[in-house]
Amino acid sequence: MKNESGFTLVEVLVSIVIVAIGLLGMAGLTAASLKSNNTSYYRSQATVLANDMLERMRANVVQARGEQYDIAAGPAYTAAAGTLQRFDCTVWFAAVAAALPAGVGTVDVNAGTATIVITWDSGESSFTTISRL
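Throughout this description, residue numbers start from 1 for each chain and increase along the sequence as written. Only residues with pLDDT of 70 or above have their local features reported here, since the model is predicted, and side-chain atom pairs are shown and tallied only from 80 upward, although totals for entire chains, interfaces and linings are computed over all residues. Water and hydrogen atoms were dropped before computing side-chain values, which therefore reflect all heavy atoms in the structure.

**A few points about the pattern of salt bridges**
Take a side-chain nitrogen of Lys or Arg and a carboxyl oxygen of Asp or Glu: if they are within 4 Å of each other, that pair is a salt bridge. Overall, the coordinates contain three salt bridges when judged by the stated rule. The closest approach of N and O atoms between R56 and D52, which form a salt bridge, is 3.2 Å. Linking R56 with D52, this pair stays in helix α1 (residues 7-59), spanning four residues, or about one helical turn. In this structure, E55 engages R58 in a salt bridge whose closest nitrogen and oxygen atoms are separated by 3.3 Å. With E55 and R58 both in helix α1, this residue pair falls three residues apart, about one helical turn. Strands are runs of DSSP state E lasting at least 2 residues, helices are runs of H or I lasting at least 4, and numbering of each runs from the N terminus.

Put into structure tokens, the structure is as follows:
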């Protein structure tokens, strides 16, 4: 029996190491889950914002097809100040910036097809939609 003294202490230490490794793994999984959740949330916001701009253009389709809703990053607007399309573009661009971290939106209309690109996280993530007006 004297040879076995301290053996349970080694077992306890080994089990603590195993539990610690398991807890570190769980912490890593939780961090990855939170990141994926944030990415999903931002992609959903980008989808809603793109649909918002498409609906604004469809409500004012003559000017939209006339490329009056084009927005370059910056923003640089095609529409003249004081027009509905300029108001829509200004409000939408501000909404993109407010909803997404470092959010920037661009709109390009060519031959009745609108291409909306929304980027966030300093361009690391993006969402693109193409739709006929």
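Now that the structure is up, let's keep going.
**So, a nonpolar patch on the surface**
Taken together, the side chains of L9, V12, L13 and I16 define a hydrophobic patch exposed on the protein surface, amounting to about 390 Å² of accessible area. One can find I16 in helix α1. A residue counts toward a patch only above 30% relative accessible area and without a salt bridge, and it is joined to like-charged neighbours within 9 Å or, for Val, Leu, Ile, Met, Phe, Trp and Tyr, to nonpolar neighbours within 5 Å. Per-residue accessibility takes into account occlusion by the displayed protein chains alone, with areas from the Shrake-Rupley method and a 1.4 Å probe.

**Quick look at the side chain of Q85**
Within the fold, Q85 resides in helix α3 (residues 84-99). Buried, partly exposed and exposed residues are distinguished by accessible area as a fraction of the type maximum, computed with a 1.4 Å probe on protein chains only: under 20%, between the cut-offs, and over 50%, respectively. Judged by relative accessible area, which is 9%, Q85 ranks as buried. In protein, a polar contact requires one atom able to donate a hydrogen and another able to accept it; more generally it is a pair of N or O atoms within 3.5 Å, and residues adjacent in sequence count only if both atoms are side-chain atoms. A polar contact of 3.3 Å, which involves the side chain of Q85, links it to the side chain of N60. Any two residues having at least one pair of non-hydrogen atoms within 4.5 Å are treated as being in contact. Once residues within four sequence positions are removed from consideration, Q85 is found in contact with N60, Q63, Q68, Y69 and A79.

**So, the nonpolar core**
Here, nonpolar core refers to any group of buried Ala, Val, Leu, Ile, Met, Phe, Trp, Tyr and Cys residues whose side-chain atoms link them within 4.5 Å. Counting residues in each nonpolar core, the largest one holds 22 residues, and the members touching the most others are M53, M57, W92, V107, I116 and I118. Of all the elements in the fold, those that place two or more residues in this core are α1, α3, β3 (104-110) and β4 (113-120). Ranked by residue count, the leading element in this core is α1, at six residues. Setting aside residues up to four positions removed in sequence, M57 forms contacts with A64, Y69, V107, V109, A114, I116 and L133.

**Details of the confidence of the model for the protein chain**
pLDDT measures how confident the predictor is about each residue, on a scale from 0 to 100. Here the protein chain averages 90 in pLDDT, while 95% of its residues score no lower than 70. Of all helices and strands in the protein chain, the one with the weakest mean pLDDT is strand β2 (residues 76-77) (88), whereas β4 scores best (95).

**Describing α3**
For α3, with 16 residues, the first-to-last C-alpha span of 22 Å sits near the 22 Å given by 1.5 Å per residue. All buried positions along α3 are accounted for by Q85, D88, C89, W92, F93 and V96. Mapping the buried residues of α3 onto a view down its axis gives an arc of 125°, with all of them on the same face. Residues of α3 that are exposed and angled more than 90 degrees away from the buried face: F87 and A98. By this rule, a helix spans an expected 1.5 Å times one less than how many residues it contains. Summarising the geometry, the arc corresponds to the directions from the helix axis toward the C-beta atoms.

**So, the pairing of β3**
Residues G105, V107 and V109 point to one face of β3 and are all buried, whereas V104, T106, D108 and N110, pointing to the other face, are not buried. Sheet topology note: the β3/β4 ladder contains seven bridges and is antiparallel. Residue pairing in the sheet places T106 in a bridge with V117 of β4. Strand pairing requires that DSSP identify at least two bridges connecting the strands.

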